[in-house]
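Survey of secondary and tertiary structure
Read off the chains here:
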Amino acid sequence: MTVPVRSPAREPAVRRGRTLARATCFVWLLLVVWPLRVFLAAGPEPVAVVGALALVAGFAACWLAIMWRVLGGRALRRRPWALAGMTGSALALLPLFGAPWAYTSFVFVISAFAASLGDRAFAAAAAATAVVEVLVLVAAEVPFGQLWWVPLVIAVQAATCYGMKHMGLLLVRLQAAYAEVERLAVENERLRFARDLHDTLGHTLTSITIRSQLAARLATTDAARAAREMSEVEGAARQALDEVRLAIAGYRTPSLSAELETATRNLEVAGVEVRVSPADGPIPAAAEVLLAWAVREAVTNVLRHSRARRCWIELGVSETAASLEVRDDGRPTGPMDDGDARAPGNGLAGLAERVGNAGGRLEVGTLPGGGYRLRARVPLEVP
C-alpha cells in the first residue's frame, strides 16, 4: 500500500489563500448596500421592507454557499438549491430595487453561474442575464448613455470568470499530478535502494551460504578444513557488513538544496518566518555536503531550543571557501532567560568535529542584540 506524499510547506499557504479568498466574498456583499439604501430612502411599506430584507438575506446566503464551496477547492461539487435560490431572489428583487439592483446584481449572478454551470449553460445564462438587466434598465427609463456598457461589462466578467474557473481546474490537476510525482519518486527511491542492496549483498550472501553448508558437511570428516571455511565465512560476513555501511552512508549523505527545502518547510510549519539568501556562485559537492549537515543541525536547534519568530539562512562562496550563517531572533528555552539553552551538545560537537576534520571552522553563540548564530566556513577543496 502506498500513501500519497503531502508537502507541509504548501498546505498552510494553500489554506491561507483559501481563507483570504473566502473573506473577500463578504467584502463583495457590500455592493448590495447601495440598492438597499436607495430602496429604503424611498419610504416603502413595512411589509415591503421585511420582504426585501428577507430576499437580500436569502440571496447573500445562497451566493456565499456557492462561492464558499468553490473557493474551498470543491468546485466540482455543485449546489443546485443554492443556485436556484440565488437566481430566484435576484429576479424577485429587480422590481423592488430597480436600476440600482440591475447595476450590481450581475456581479454576483455571473460569478455563481460560472462556478455552477457547464460551458454552454454558462454562456446561455450570461446572455440571459445581460438581456434581463438591460430590460430592467430600459423599463426604468435609464438613458442609453447609462446602460449601453452594461452588456459589455457582463461579457467581460463572464469571460474573466470562465478563464479563472478553468485556471483553477488546471491548478487542481497540477497539484494532483505533483503529488503523484512525489509518490512515484519515493517509490523509485525504494526500488533503487532495494536493487542496490541486492546487487551489493547478493553475491556475498550466496558465498556465505555455500561455505556454511560446506563447513557443516566437513565438520565431522575434516575439522581443519571446516575451520578454514568458517574463517572465510567470517571474512565474507565482515565484508558484507562493510558494504551495507557504505551503502547506507551513501544514502544518508545530505543534499544542501534538499536540506534548505526541508528547513524552510519545517520552520514555516513551526510559525517561523525564514529568509534564505543563496550563494553567488556554485559550491563544490564536498563542501556542499558539510554545509548541508550544518543547515540540518542549525535549524534543529532553532526548532528545539528557541522561541524564534524569524530565521535567516545565508550562503556565501569565495575563491577559497564556502560559508553558511544561520541566525534567529529567538530567546533560550532553558530554565534561565539570561543564559542560552543551546549549549554545545552532541549535535554541535559532532558538527564541529566534522567541519574541523575538513579544515573548516564552526562558530556558535548568542548575539549581542538577542538571538543565536551558527556560522560554518569550509574550504572549497575538502580533503
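Right above here is the structure, for reference.
A brief look at the structure comes next. Quick caveat, the model's predicted, so the values are computed rather than measured.

Scoring rules and cut-offs
- Residues numbered from 1 in each chain as written.
- Predicted model: local features only at pLDDT ≥ 70, side-chain atom pairs only at ≥ 80, totals over all residues.
- Heavy atoms only, no water.
- Helix = DSSP H or I, 4+ residues; strand = E, 2+ residues; numbered from the N terminus.
- Buried < 20%, exposed > 50% of the residue type's maximum accessible area, 1.4 Å probe, protein only.
- Contact = heavy atoms within 4.5 Å.
- Salt bridge = Lys/Arg side-chain N within 4 Å of Asp/Glu carboxyl O.
- Pairing = 2+ DSSP bridges.
- Right-handed = clockwise from strand over helix to strand, strands pointing away.
- Axes fitted to C-alpha atoms, helices over the stretch in contact; angles between N-to-C directions.
- Parallel < 35°, antiparallel > 145°, perpendicular 65-115°, else oblique.
- Nonpolar A, V, L, I, M, F, W, Y, C, P; charged D, E, K, R; others polar.
- Core = buried A, V, L, I, M, F, W, Y, C linked by side-chain atoms within 4.5 Å.
- Expected span 1.5 Å × (residues − 1).
- Phe/Tyr/Trp six-rings, centres within 6.5 Å; stacked < 30°, edge-to-face > 60°.
- Lys NZ or Arg CZ within 6 Å of the ring centre and 35° of its normal.

So, on to the overall build of the protein chain. Looking only at helices and strands, the protein chain has 11 helices and five strands in total. The burial tally for the protein chain puts 33% of its 383 residues in the buried class. Taking all contacts inside the protein chain whose residues are at least 6 apart in sequence as the whole, residues at least 24 apart take part in 69%.

Counted according to the given criterion, the structure contains 10 salt bridges. One salt bridge in this structure joins Arg183 and Glu180, with 2.5 Å as the shortest N-O distance. With Arg183 and Glu180 both in helix H7 (residues 149-218) and three residues apart, this pair spans about one turn of that helix. Here Glu180 falls in the partly exposed class, since its relative accessible area comes to 35%. Across the salt bridge formed by Arg375 and Glu363, the nearest N and O atoms sit 3.7 Å from each other. Residue Arg375 is found in strand S5 (residues 372-379), and its partner Glu363 is found in strand S4 (residues 361-366); the two are separated by 12 residues along the sequence.

The next thing to look at is the pairing of strand S1 (residues 273-277). Of the strand pairs in this sheet, S1 and strand S2 (residues 310-317) are connected by five bridges, and their pairing is parallel. Residue Ser277 lies in a different strand from S2, and its bridge partner there is Glu314. For the segment spanning S1, helix H10 (residues 285-305) and S2, crossover handedness is left-handed.

H10 packs onto helix H9 (residues 256-269) with a crossing angle of 10 degrees between their chain directions and a minimal axis gap of 8 Å. When the axes of H9 and H10 are compared, the pair comes out roughly parallel. Two secondary-structure elements touch here, H9 through Leu256, Glu259, Leu260, Ala263, Asn266 and Leu267 and H10 through Glu288, Leu291, Ala292, Val295, Arg296, Val299, Val302 and Leu303. Class assignment of the residues belonging to the contact of H9 with H10 gives a composition of 10 nonpolar, one polar and three charged.

Take the side chain of Glu259 next. Counting through the fold element by element, Glu259 comes out in helix H9. When neighbours within four sequence positions are excluded, Glu259 is seen to be in contact with Pro254, Ala292, Val295 and Arg296.

This part takes up the environment of Leu218. Counting through the fold element by element, Leu218 comes out in helix H7. Accessibility expressed as a relative area gives 12% for Leu218, which makes it buried. Along the sequence, Leu218 and Glu229 sit 11 residues apart, while their C-alpha atoms lie 9.2 Å from each other. With residues near it in sequence (within four places) discarded, Leu218 still touches Ala223, Arg225 and Ala226.

Below, the discussion takes up the nonpolar core. A general tendency of soluble globular proteins is for nonpolar side chains to be buried together. Trp63, Met86, Phe97, Trp101, Phe113 and Leu137 are the most contacted members of the largest nonpolar core, which totals 48 residues. For this core, the secondary-structure elements that each account for two or more residues are helix H2 (33-41), helix H3 (46-71), helix H4 (80-97), helix H5 (99-116), helix H6 (119-139) and H7. Considering every element that reaches this core, the biggest residue donor is H5, with 13 residues. Leave out the neighbours within four places in its chain, and Phe113 touches Leu83, Met86, Thr87, Phe122, Ala125 and Thr129.

In an α-helix, one turn spans 3.6 residues; hence positions three or four apart end up facing the same way. Here H10 is 21 residues long and its end C-alpha atoms lie 30 Å apart, about the 30 Å a rise of 1.5 Å per residue gives. Listing the buried residues of H10 in full gives Ala287, Leu290, Leu291, Ala292, Trp293, Ala294, Val295, Glu297, Ala298, Val299, Asn301 and Val302.

The tally for this structure, following the rule as stated, stands at eight aromatic pairs. Relative to Phe97, the ring of Phe39 has its centre 5.2 Å away and its plane inclined at 50 degrees; by these criteria the two rings are tilted. On the criterion of sequence distance, the pair formed by Phe39 in helix H2 and Phe97 in helix H4 is long-range, its members being 58 residues apart. Residues Phe39 and Phe97 agree in their burial class; the two are buried. With centroids separated by 5.0 Å and ring planes inclined at 90 degrees, the aromatic side chains of Trp63 and Phe108 adopt a geometry described as edge-to-face. Residue Trp63 is located in helix H3, and its partner Phe108 is located in helix H5; the two are separated by 45 residues in the primary sequence. Grouping residues by exposure puts Trp63 and Phe108 together as buried. Aromatic rings pair up to connect Phe39, Phe59, Trp63, Phe97, Trp101 and Phe108 into one cluster. Taking NZ or CZ as reference, Arg354 lies 4.2 Å from the ring centre of Trp293, over its face.

Now for the sheet that holds S5. Strand order across the open sheet formed by five strands is S1-S2-S3-S5-S4, with mixed pairing between neighbours. The strands lining the two open edges of the sheet, one partner per strand, are S1 and S4. Strand-to-strand twist of the sheet, defined as the mean angle between neighbouring strand axes without regard to direction, takes the value 10 degrees. Against the sheet, H9 engages S1 and S2, with an angle of about 160 degrees to S1. Running over the sheet, H10 touches S2, strand S3 (321-328) and S5 and is turned about 170 degrees from S5.

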